[in-house]
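Letter by letter, the chains look like this.
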Amino acid sequence: MGNRLSQIATRTGDAGTTGLGNNQRVSKNSLRVHAMGEVDELNSNIGVLLCEDMPQDVRDVLVEIQHQLFNLGGELSIPGFELLKEEAVQALDTALEAYNAKLPKLEEFILPAGTRGAALSHVCRTVARRAERAVVALGNEEAIGDAPRQYLNRLSDLMFVLARVLNRMNGGDDVYWKSERMKRNEAG
């Protein structure tokens, strides 16, 4: 792995390039740097979400996700290196199954709203989708493993489910989209 930063203001990026973990310099506008940035933004948004009140089990899942996202960022920063393992994807599948089992079946679309924690979880969901798109774009140009793409796909699903969990934390509920179909059902 590349050198760890011992100082932050290096000025080496002033010309529009950045160093990868293998000491290669690339444009700050490269697909790899975009993917790294989207993953970093996702991790930062999860950090904001963790400032909210939530059940300890949800907090524990989110903290582990932050560690895995850091692994993913490291993997993206070193072409050909693997840090994010299949077990991390499996852990998200397990969490999805466990939290989904406790929730009522969705009968209508929900809005990204409700409690502050739920709304922040929806923000994380959308940033995860953007990070996934950036990783897919990178994978279309360079060889990367399946785990990064799969992890972000599952994570966006989990953030949706956790938003529903957080909306119910104190007896609340989802905020449902008032679709035309729903209006007809309520009127009829």
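Residues numbered from 1 in each chain as written. Predicted model: local features only at pLDDT ≥ 70, side-chain atom pairs only at ≥ 80, totals over all residues. Heavy atoms only, no water.

Student: I would appreciate a short explanation of the overall build of the protein in the present structure.
Tutor: Helix and strand counts for the protein stand at 6 helices and 2 strands. Here the protein holds 188 residues, and the buried ones make up 38% of them. Here the analysis covers contacts within the protein between residues at least 6 apart in sequence; of these, 70% occur between residues at least 24 apart. Approximately 10800 Å² of the protein is accessible, and the part contributed by carbon and sulfur atoms is 51%. (Helix = DSSP H or I, 4+ residues; strand = E, 2+ residues; numbered from the N terminus. Buried < 20%, exposed > 50% of the residue type's maximum accessible area, 1.4 Å probe, protein only. Contact = heavy atoms within 4.5 Å. Areas by Shrake-Rupley, 256 points an atom, 1.4 Å probe, with all protein chains shown as cover.)

Student: Please clarify how the environment of Arg168 should be interpreted in this entry.
Tutor: Along the chain, the position of Arg168 falls in the loop between α5 (146–167) and α6 (180–187). Among all residues touching Arg168, those that are not within four sequence positions of it are Leu103, Pro104, Asp173, Asp174 and Tyr176. Separated by 2.8 Å, the side chains of Arg168 and Asp174 make a polar contact. (Polar contact = N/O pair within 3.5 Å; in protein donor to acceptor, adjacent residues only side chain to side chain.)

Student: I'm lost on the nonpolar core in this one. Help?
Tutor: In globular proteins that are soluble, nonpolar side chains generally tend to be buried together. Leu42, Leu62, Ile65, Leu69, Tyr99, Tyr151 and Leu158 are the most contacted members of the largest nonpolar core, which has 42 residues in total. Residue assignment for this core shows that the elements contributing at least two residues are α1 (31–49), α2 (56–77), α3 (86–101), α4 (116–141) and α5. Other than its neighbours up to four places away in sequence, Leu158 contacts Val61, Ile65, Leu92, Ala95, Leu96 and Tyr99. (Core = buried A, V, L, I, M, F, W, Y, C linked by side-chain atoms within 4.5 Å.)

Student: So what exactly am I meant to see when it comes to the packing of α2 against α3 here?
Tutor: Two quantities define a packed helix pair, namely the angle between the helix axes and the distance between the axes. The interhelical angle for the contact between α2 and α3, taken along N-to-C directions, is 160°, at an axis separation of 11 Å. Between α2 and α3, the angle is such that the two are roughly antiparallel. Two packed elements cross with a definite hand, and for α2 against α3 that hand is left-handed. Facing Asp57, Val58, Val61, Ile65 and Gln68 of α2, the residues of α3 in contact are Ala88, Leu92 and Tyr99. (Axes fitted to C-alpha atoms, helices over the stretch in contact; angles between N-to-C directions. Parallel < 35°, antiparallel > 145°, perpendicular 65-115°, else oblique. Left-handed = near helix turned anticlockwise from the far one by under 90°.)

Student: Looking at this model, I keep getting lost on the side chain of Glu75. Mind explaining?
Tutor: Position of Glu75 relative to the elements: it lies in helix α2. The residues contacting Glu75, other than those within four sequence positions of it, are Arg32, Phe81, Glu82, Leu83, Leu84 and Pro148.

Student: Even after reading the chapter, I still don't get the packing of α1 against α4, so can you show me in this structure?
Tutor: Where α1 contacts α4, the axes come no closer than 8 Å and their chain directions differ by 165°. In terms of orientation, α1 and α4 fall into the roughly antiparallel class. Seen from above, α1 lies across α4 with left-handed handedness.

Student: Could you clarify how one ought to interpret α3 in this entry?
Tutor: Residues lying three or four places apart along an α-helix face the same way, a consequence of the helix completing one turn every 3.6 residues. A rise of 1.5 Å per residue sets the reference length of α3, with its 16 residues, at 22 Å; its end C-alpha atoms lie 23 Å apart and thus fit the reference within 8%. Burial in α3 covers these residues: Ala88, Val89, Leu92, Ala95, Leu96 and Tyr99. Down the axis, α3 shows its buried residues gathered within 120° of arc, on one side only. Across α3 from its buried face, at more than 90 degrees, point the exposed residues Glu87, Thr94, Glu97 and Ala101. Where α3 is buried, its residues contact α2 and α5. (Expected span 1.5 Å × (residues − 1). Arc of directions from axis to C-beta.)

Student: Please explain the pattern of salt bridges as it appears in this structure.
Tutor: Where charged atoms from two side chains of opposite charge approach closely, those side chains can pair. Per the stated rule, a full pass over the model turns up 12 salt bridges. Asp146 is the salt-bridge partner of Arg149, the closest N and O atoms lying 3.2 Å from each other. Of the two residues, Arg149 and Asp146 are both situated in helix α5; the distance of 3 residues between them amounts to about one turn of the helix. Note that Asp174 and Arg168 form a salt bridge whose closest N and O atoms lie 2.8 Å from each other. Connected through salt bridges with shared partners, the residues Arg164, Arg168, Asp173 and Asp174 form a single ionic network. (Salt bridge = Lys/Arg side-chain N within 4 Å of Asp/Glu carboxyl O.)

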